[in-house]
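# Inside the fold
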Amino acid sequence: MARPSPVRELPEIVKNQIAAGEVVERPASVVKELVENALDAGATRIQVDLEEGGVRLVRITDNGSGMRAGDLDLAFRPHATSKLHELEDLDHIASLGFRGEALASIGSVARCRILTRAEDDSLGSEIVNEGGKLGSVQEAGAPLGTTLEVRDLFYNTPARRRFLKRTQTELGRCLDVLQRLALGQLGVGFVVNHNGARVLDVEPEMDLRGRVRRIYSSELADSLEPVSAGDDNAPLRLRGLVAPPRFSLRQATRLHWLLNGRPLRDRVLVSLVKQGYRGYLEDGRLPSVFLHLSMDPALVDVNVHPTKSEVRFRDDKPLFSLCVPAIRSAVARTDIATPGEKLLARVERRGDWVPRTESFLPDPGGLANARTPRVGDERLEVVDIPRAESQSGASAPEGPGGLGFDSSGGRVAEGPAAWARADEFEGPFIQIDKTYLVRALPDGFEVVDQHALHERMTFEGLREDLHKGSIAVQRLLMPEVCELARDEVSQIEANLEGLARLGIELSIFGPTSVAVQGLPARLRRPDAEGIVRDVLATLSSTGQLPDAEEVLEELLHRTACRSSIMAGDELDQSSIRSLLERADQLENSQTCPHSRPTRVRFTLADLEKAFHRT
């Protein structure tokens, strides 16, 4: 008697439930797939109703093109789609959905109902799917568009349902999906209700900044700087908004990339943003950006991930060359300085400062023009940094409150920065704790971290010399010998030539020592042994000292930090003025090379609020 074959074809419903394991992870997955279908149908208004975080109900109502009765009969069939017709269509996918497996997968693990009407039909159609058991198409009254209900998700797969989180967690994930789609689909309105209460409302006419304001906050929206690269008819275009570094987070919740309207969390695009913010952002933090990338669908493959959250670019080099400079330019135009209002609010919340009803800043009197006390006869001077020359023909960046250059190369300003036109850094200046510098502004005052600011100046000077290939070297009269381990000496020996390009001239003095022969002339009071240690730390973290700009800059960061004005150094009025004047010529003087802020600004409004005058 022949044994039955162990190989058999699975029933259709089992196939769909297996597919659901990849496509439908939780209510947010259902929301994503169904809203994308509505957008592909041309909807301009979409309403989403949720109950119990979407586990009990997800209902999507749109005003799109709708479906006819014949199309509805195929809606829950696996791989039935109107978006692909032949194999070649996979090479240029322009729609958000295309596989035709989402509805079949959802229908196999929930109770579903579709009610729809196409524009030319007088009556609509309805179909029901109970966990994979498909009913027949029925006539029904319906408005133009489609309503799709998904009830009791995973009711027939209890093991999957047990993995779902609390209601608020699932609701948060649904809202994250909807917010990303709302930010990407300009011209489309979104209404979201949860358990009968409105939780999100975005009007179709809202622009990107208005949507950020509605979804996040006015403070973030008002601080955003526009980004634009590529002509409207170019195959690759970038549009969007970027926020100052102070709005960065440890998570990527506000890092929004949209490719042809599709929200993505792609590693290449995240790397692109990180390069755009390099030098402005602390390690481990991610910026708040809202970027729309438009490109020929033939240049990108979106069929590489079950949830379509990642893509593969045919060639990502044009992306970096177009987008990174545009993002860096926009970030440089943002107001990077830390606002004093935030700090005052934090102090008040802690209860450390309870302001009186009437208070005034003390009159500095004769101290205002007095020279800062010095120890002995030592006088600290700011290293001379050449003033940056404007590139001929370069147009000034435009944007709210942005600084640029006029046709003659002079500094111009608009909005809040208009006072810079007349800023001659006259002082007087106050040095607090030999660390912080205070100077008046027309609309308040600012506090400057002298070490962070001078560190930025030193770094920018070293980097400029490096790019020109002309780092001036100050050779030591007596070489300084540093004792090292044998493996460290070997690392140094293998990179002597590359280090010399950075102005760090070393020679091997023995099996366990190196001699420092010369260091960059820009360094104010170089710590030879400390710089050698920094070189070794960079070599250890990268394995070598390659020509990659980010690795060279990391070494310059460390070198600049060790050789700048330090906290505890006393500065007189002329040294402070020189520091501020030369820093003003830099493209970015708002952060140090390690992305810490160099200054905090307090407006008169901040002071009036602090002293209860408002």
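Described in the following lines is the structure provided in the data block. (Residues numbered from 1 in each chain as written. Predicted model: local features only at pLDDT ≥ 70, side-chain atom pairs only at ≥ 80, totals over all residues. Heavy atoms only, no water.)

## Points about the sheet that holds strand β11 (residues 236–242)
- The five strands lie next to each other as β10-β11-β14-β12-β13, forming an open sheet whose pairing is mixed. Taken across any chain shown, the strands that pair with only one partner, and hence form the sheet edges, are β10 (225–229) and β13 (262–264). Sheet twist, expressed as the average angle between the axes of neighbouring strands with direction ignored, equals 20 degrees.
- Inspection of the sheet shows β10 paired to β11 by five bridges, in the antiparallel sense. Paired with Ala229 across the two strands is Leu238, which belongs to β11.
- Seen against the sheet, helix α9 (residues 267–276) touches β12 (255–259), β13 and β14 (289–295) and runs at an angle of roughly 125 degrees to β12. (Pairing = 2+ DSSP bridges. Helix = DSSP H or I, 4+ residues; strand = E, 2+ residues; numbered from the N terminus. Axes fitted to C-alpha atoms, helices over the stretch in contact; angles between N-to-C directions. Contact = heavy atoms within 4.5 Å.)

## A few points about helix α10 (residues 317–333)
- The first and last C-alpha atoms of α10 sit 25 Å apart over 17 residues, in line with the 24 Å expected at 1.5 Å per residue.
- Buried residues in α10 make contact with β10, β11, α9, β14, β16 (312–313) and α12 (450–468). (Expected span 1.5 Å × (residues − 1).)

## So, helix α2 (residues 27–40)
- Between the first and last C-alpha of α2 there are 20 Å, a value that for 14 residues agrees with the 20 Å anticipated at 1.5 Å per step.
- Taking burial as the measure, the 14 residues of α2 include twelve buried ones, the bulk of the element.
- Where α2 is concerned, the buried positions are Pro27, Ala28, Ser29, Val30, Val31, Lys32, Glu33, Leu34, Val35, Glu36, Ala38 and Leu39.
- Following α2 by one or two positions, Gly42 adopts a phi angle in the positive range, close to 85 degrees. (Buried < 20%, exposed > 50% of the residue type's maximum accessible area, 1.4 Å probe, protein only.)

## Focus on the environment of Ser321
- Relative to the helices and strands, Ser321 resides in helix α10.
- A relative accessible area of 54% places Ser321 in the exposed class.
- From its side chain, Ser321 meets the backbone oxygen of Pro318 in a polar contact 3.0 Å long. (Polar contact = N/O pair within 3.5 Å; in protein donor to acceptor, adjacent residues only side chain to side chain.)

## What about the environment of Ile471?
- Along the chain, Ile471 turns up in the loop between α12 and β23 (473–483).
- The spatial distance from the C-alpha of Ile471 to the C-alpha of Ala500 is 9.3 Å, given a sequence separation of 29 residues.
- Leave out the neighbours within four places in its chain, and Ile471 touches Leu462, Asp465, Leu466, Arg501, Leu502, Gly503 and Pro520.

## A few points about the packing of helix α6 (residues 167–184) against helix α7 (residues 208–215)
- Where α6 meets α7, the axes come as close as 9 Å, and the angle between the chain directions of the two elements is 160 degrees. Taken together, the axes of α6 and α7 lie roughly antiparallel to each other. Seen along the crossing, α6 lies across α7 with a hand that is right-handed. On α7, the residues touching Gln179, Ala182 and Leu183 of α6 are Leu208, Arg211, Val212 and Ile215.
- Taken together, the residues of the contact of α6 with α7 sort by class into five nonpolar, one polar and one charged. (Parallel < 35°, antiparallel > 145°, perpendicular 65-115°, else oblique. Left-handed = near helix turned anticlockwise from the far one by under 90°. Nonpolar A, V, L, I, M, F, W, Y, C, P; charged D, E, K, R; others polar.)

## So, the pairing of strand β1 (residues 45–51)
- Of the strand pairs in this sheet, β1 and strand β8 (residues 189–194) are connected by six bridges, and their pairing is parallel. Paired with Ile46 across the two strands is Phe190, which belongs to β8.
- Following β1, the chain reverses through five residues before pairing antiparallel with strand β2 (residues 57–62); Glu52 in that reversal takes a positive phi of roughly 55 degrees.

## Considerations on the side chain of Arg599
- Here Arg599 is to be found in strand β26 (residues 599–603).
- Among the polar contacts listed, one links the side chain of Arg599 to the side chain of Glu446, at a separation of 3.1 Å.

## Re the packing of aromatic side chains
- Counting across every chain of the model gives two aromatic pairs.
- Measuring from centroid to centroid gives 5.9 Å for Tyr216 and Phe290, while their planes differ by 50 degrees, and the two rings are tilted. Remark: Phe290 occurs in strand β14 and Tyr216 occurs in the loop between α7 and α8 (218–223); sequence separation between them is 74 residues.
- We classify Tyr216 as partly exposed; its relative accessible area is 22%.
- Ring centres 4.9 Å apart and planes at 10 degrees place the aromatic pair Phe445 and Phe602 in the stacked group. Note that Phe445 is positioned in strand β22 (residues 444–449) and Phe602 in strand β26, a separation of 157 residues in sequence.
- The lysine or arginine in question, Arg111, covers the ring of Tyr155, its NZ or CZ lying 3.9 Å from the ring centre. (Phe/Tyr/Trp six-rings, centres within 6.5 Å; stacked < 30°, edge-to-face > 60°. Lys NZ or Arg CZ within 6 Å of the ring centre and 35° of its normal.)

## Observations concerning the pattern of salt bridges
- Taken as a whole and assessed by the stated rule, the structure comprises 27 salt bridges.
- Between Asp120 and Arg68 there is a salt bridge, with its nearest N and O atoms 3.8 Å apart. Within this pair, whereas Asp120 is found in the loop between β3 (111–117) and β4 (124–130), its partner Arg68 is found in the loop between β2 and α3 (69–72), the two being separated by 52 residues in sequence.
- Overall, Asp120 belongs to the exposed group, its relative accessible area being 64%.
- One salt bridge in this structure joins Arg533 and Glu488, with 3.6 Å as the shortest N-O distance. Within this pair, whereas Arg533 is found in helix α15 (residues 528–542), its partner Glu488 is found in helix α13 (residues 486–494), the two being separated by 45 residues in sequence. (Salt bridge = Lys/Arg side-chain N within 4 Å of Asp/Glu carboxyl O.)

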